[in-house]
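Next come the chains, spelled out residue by residue.
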Amino acid sequence: MNVLSVASEVFPLIKTGGLADVAGALPAALKPHGIRMRTLLPGYPAVMAKIGETTRLGGFDTLFGYPAALLAAEHEGLDLLVLDAPALFDRPGGPYLDPQGLDHPDNFRRFAALSLAAAEIARGVLPEWTPDLVHCHDWQSALAPVYMQHGGAAHVPTVLTIHNIAFRGQFPASTFPELALPWGAFSVQGVEYYGDVSFLKGGLMAATAITTVSPSYAQEILTPEFGMGLQGVLANRIADLHGIVNGIDTDVWNPAADPHIVSPYAAATLKKRPANRDALRERFGLVATDGPLFCVVSRLTDQKGMDVLAGVIDMIVDNGGTLAVLGSGDPALEAAFRTAAAVHPGRVGIVVGYDEPLSHLMQAGADAILVPSRFEPCGLTQLYGLRYGCVPVVARTGGLADTIIDANEAAVAANVATGFLFSPVSEESLRLALRRVFSLWRQPKIWARLQARGMKSDVSWDMSATRYAALYAGLLAKG
Ligand SMILES: Nc1ncnc2c1ncn2[C@@H]1O[C@H](COP(=O)(O)OP(=O)(O)O[C@H]2O[C@H](CO)[C@@H](O)[C@H](O)[C@H]2O)[C@@H](O)[C@H]1O
C-alpha cells in the first residue's frame, strides 16, 4: 500500500514539537505492515540544507501565484517529497513564526499550498507514484482532503490526525477567495467556522477518517471543555473518530545507545545512570541534595500547566528537591522560572531555548519528569521518561492518563505502577502528588521498582502501527 503522509514538520529535518516526532517515526513503524509511506513537507531552508541530493519529480508553474517543484529525497530512512516553493518557504524564522516570533502573515497561503500539492499528488500529477491513501496531520495539511474532494481525487481515502485541537488554523473570511476553492466550500459543511475560515474544521468535515493521538483525548474533544468549539463537528463524525496512542522511536530514544548522554545504561545497569545526573546538575548549576531531581522539557505555556508548576517550586525546594527546566514560550512564564532560579540558586535551574541533545540528558539524569498539562492529546516526554527510568509525574488527562499507571498503594503492591497521576490541574493537587513522590523517593526499593516497571513498558510504535495499518486497510476495503 502506498500512503502519502503530509506534515509541516518531520524529525530529524525540522521540529518544533511532538508532531515532528510522530511524522518522522510513522514511516518506519508502518513498513513491516507492507506500507510504503512517503512524506510531503515544505522546503524550509533547514530542510533544503539537510536533504542533500534531490530529484525533481514534477512541479507547478504556479501554486498560489508562485512556481513550485516537487523534489524527491532520502534522509535517514525517510522517503521524502519536498515542496520547494521559495516564495512561500525560503525565509528566516521557523516553520510558523518569523524571527520576531510573529506568525508569518501568509501562513494561510503557505499551508494551503502544502495541502493543494498533496491533493494534486493524490490526483496523479507524479507520473510514477500515486498514493492509495493520504494521511494528514493537524491544520497545516488539513485542507488536503478538502482540495481532494473538490479536485478530482475524492476517490482516494484520507485520514486526518489531530495532534492538538487548540490549533485550528483559523483565518479571516477575507482569505477564502485566495484558497482556490469553490464558493460552496465556505459553508457549514465546508471550511466556514464562526464566520472565519478554519483549515482544521474543513479537514474534519472532509476526511474519510479522523484520528487523534490517544483514546482519552478522542473522548475529551467531544466535550465543550476540550473540543475548542469543534466538539459539534466531531460529534457528527463520531463513527469515523479513532484514538490511537503515539509510540516513540526507540532507536532515537534508547538510553543504552544514546550519543547525547554521558553514561549509557539499561534497566539491568541502572548504577551507571547517576553519572548523567551529575552532568545534568553541572549543566544547570544545581547542587546535590538528598531529594529527587525533577525536570521539565516543555513549551512554557498555560496548556502545559507551567503556571501551576511555577506555583509549587517553593514546596519542591523546601522538601529537598531540585528542579531543571528546559523550555521556551510565554515570556511571563520564562520570567517566572528565571526568578525562581535566582531566588533558589543551586536548587532551580532554567535553560530557555530549544535543545534536542539536552532534552535527552534530562531524561537520563533526572529522577522524575513533571508534565502538569491542562490538556495533553498524547504527550511524548512522559514516554521518553518511562524509557529512561525518569519517573513521570503527570496530570490525569488525555494521553498522559492512558500511558501512566499511578503509584497508588494497590498498584505499588501489585508492582504495576509506573508514575504519578494527579487531578485537577491545580497547585493543591500537584502538591499532594509531590508529597507522594517525596515519600516513595525515600523508599529506594519501591522507587527502583517504579523505574524498572516504567522501563519495561512498551512505548514502541508496534501496537499503534498495527492499529493505523488496520485503519488504512479498512478504508481501502470500503473503496
Ligand atoms: N525546549 C525544548 N528543547 C528540546 N526539546 C523539546 C523542548 N520542548 C519540547 N521538546 C520536545 O518536543 C516534543 C514535545 O512533544 P509533546 O508530545 O510533549 O507536545 P506537543 O504539544 O509539541 O505535541 C502535540 O503533538 C504530540 C504528538 O502527537 C502529542 O503527543 C502532544 O500531546 C500534542 O500536544 C518532545 O519530543 C519534547 O522532548
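What you see is a predicted model; the values in this text were computed from it and never measured.

This next bit is on the sheet that holds strand S14 (residues 322–329). Neighbouring strands of a sheet are bound in pairs by backbone hydrogen bonds; such pairs are parallel or else antiparallel. The sheet built from six strands is open, its strands ordered S15-S14-S13-S16-S17-S18 with parallel pairing. The strands lining the two open edges of the sheet, one partner per strand, are strand S15 (348–352) and strand S18 (420–422). Averaged over neighbouring strand pairs, the angle between their axes works out to 20 degrees when direction is ignored. Strand direction decides the pairing type here: strand S17 (residues 391–395) and S18, joined by three bridges, are parallel. Within S18, the residue paired with Val 394 across the bridge is Leu 421.

Relative to the elements of secondary structure, Asp 79 occurs in strand S5 (residues 78–84). At 2.8 Å, the side chain of Asp 79 and the side chain of Arg 36 are in polar contact. Beyond its immediate chain neighbours, meaning those up to four positions away, Asp 79 contacts Arg 36, Met 37, Arg 38, Thr 39, Ala 73 and Glu 74.

Here the focus is the pairing of S17. With five of five residues buried, S17 is to be regarded as a mostly interior element. Considered for its hand, the β-α-β crossover made up of strand S16 (residues 368–371), helix H15 (residues 381–388) and S17 is right-handed.

Let's shift gears to the packing of helix H14 (residues 356–365) against H15. Where H14 contacts H15, the two axes come as close as 8 Å, and the packing angle between them is 50 degrees. The angle between the axes of H14 and H15 places the two elements in the oblique class. Our pair here, H14 against H15, has a crossing hand that is right-handed. Counted together, His 360, Gln 363 and Ala 364 of H14 and Thr 381, Tyr 384, Gly 385 and Tyr 388 of H15 form the full contact between these two elements. Classifying every residue of the contact of H14 with H15 gives three nonpolar, four polar and no charged.

Quick look at the site of the ligand now. Around the ligand, the structure places 29 residues, and the nearest of them are Asp 21, His 163, Arg 299, Glu 376 and Gly 379. Contact distances for the ligand include 2.8 Å between an oxygen atom and a side-chain N or O atom of Asp 21. The contact in question runs from an oxygen atom of the ligand to an N or O atom on the side chain of Glu 376, over 2.5 Å. For the ligand, the accessible surface in isolation is 710 Å², of which the surrounding protein chains cover 95%. Residue assignment for the shell around the ligand shows that the elements contributing at least two residues are helix H1 (18–30), strand S13 (293–300), S14, H14 and H15. A per-element tally of the shell around the ligand places H1 first, with four residues. A class-by-class count of the residues in the shell around the ligand yields 10 nonpolar, 12 polar and seven charged.

Attention now moves to unusual backbone geometry. The linkage connecting Phe 11 with the following residue, Pro 12, adopts the cis geometry, with an omega of 5 degrees. Positionally, Pro 12 belongs in the loop between strand S1 (2–6) and H1. Even without being a glycine, Tyr 194 presents a positive backbone phi close to 45 degrees. One can find Tyr 194 in the loop between strand S9 (192–193) and strand S10 (196–198). Residue class for Tyr 194 comes out exposed when judged on its relative accessible area of 67%. Within the chain, Asn 415 stands out as a residue other than glycine whose phi angle is a positive 55 degrees. Take Asn 415: it is sitting in the loop between helix H17 (409–413) and S18.

Before going further, it helps to spend a moment on the side chain of Arg 281. Structurally, Arg 281 can be placed in helix H10 (residues 274–284). The buried category is assigned to Arg 281, whose relative accessible area is 10%. Look past the residues within four positions of Arg 281 in its chain and what remains in contact with it is Leu 286, Val 287, Ala 288, Thr 289 and Leu 293.

Pairing between side chains becomes possible if they bear opposite charge and their charged atoms approach one another. A full pass over the atoms with the stated rule returns 15 salt bridges. Between Asp 278 and Arg 281 there is a salt bridge, with its nearest N and O atoms 3.7 Å apart. Taken together, the residues Asp 278 and Arg 281, both in helix H10 and three residues apart, mark about one turn of the helix. A salt bridge links Asp 307 to Arg 374, with the nearest nitrogen and oxygen atoms 2.9 Å apart. Of the two residues, Asp 307 sits in helix H11 (residues 306–310) while Arg 374 sits in the loop between S16 and H15, which places them 67 residues apart along the sequence. Accessibility expressed as a relative area gives 27% for Asp 307, which makes it partly exposed. Arg 374 gets classed as partly exposed once you look at its relative accessible area, which sits at 34%.

In this section: the UniProt feature "binding site: ADP-alpha-D-glucose" (unreviewed entry) in the chain. With numbering aligned to this structure, UniProt lists the feature "binding site: ADP-alpha-D-glucose" (unreviewed entry) at Lys 15. Among the structural elements, Lys 15 can be located in the loop between S1 and H1. Dropping the residues within four chain positions of it, Lys 15 is found in contact with Glu 9, Ala 20, Asp 21, Tyr 354 and Glu 356. In terms of polar contacts, Lys 15 uses its side chain to reach the side chain of Asp 21, at 2.9 Å.

About the criteria used
- Residues numbered from 1 in each chain as written.
- Predicted model: local features only at pLDDT ≥ 70, side-chain atom pairs only at ≥ 80, totals over all residues.
- Heavy atoms only, no water.
- Pairing = 2+ DSSP bridges.
- Helix = DSSP H or I, 4+ residues; strand = E, 2+ residues; numbered from the N terminus.
- Axes fitted to C-alpha atoms, helices over the stretch in contact; angles between N-to-C directions.
- Polar contact = N/O pair within 3.5 Å; in protein donor to acceptor, adjacent residues only side chain to side chain.
- Contact = heavy atoms within 4.5 Å.
- Buried < 20%, exposed > 50% of the residue type's maximum accessible area, 1.4 Å probe, protein only.
- Right-handed = clockwise from strand over helix to strand, strands pointing away.
- Parallel < 35°, antiparallel > 145°, perpendicular 65-115°, else oblique.
- Left-handed = near helix turned anticlockwise from the far one by under 90°.
- Nonpolar A, V, L, I, M, F, W, Y, C, P; charged D, E, K, R; others polar.
- Near = heavy atom within 4 Å.
- Areas by Shrake-Rupley, 256 points an atom, 1.4 Å probe, with all protein chains shown as cover.
- Salt bridge = Lys/Arg side-chain N within 4 Å of Asp/Glu carboxyl O.
- UniProt positions renumbered as here; feature names shortened; annotations may be inferred.

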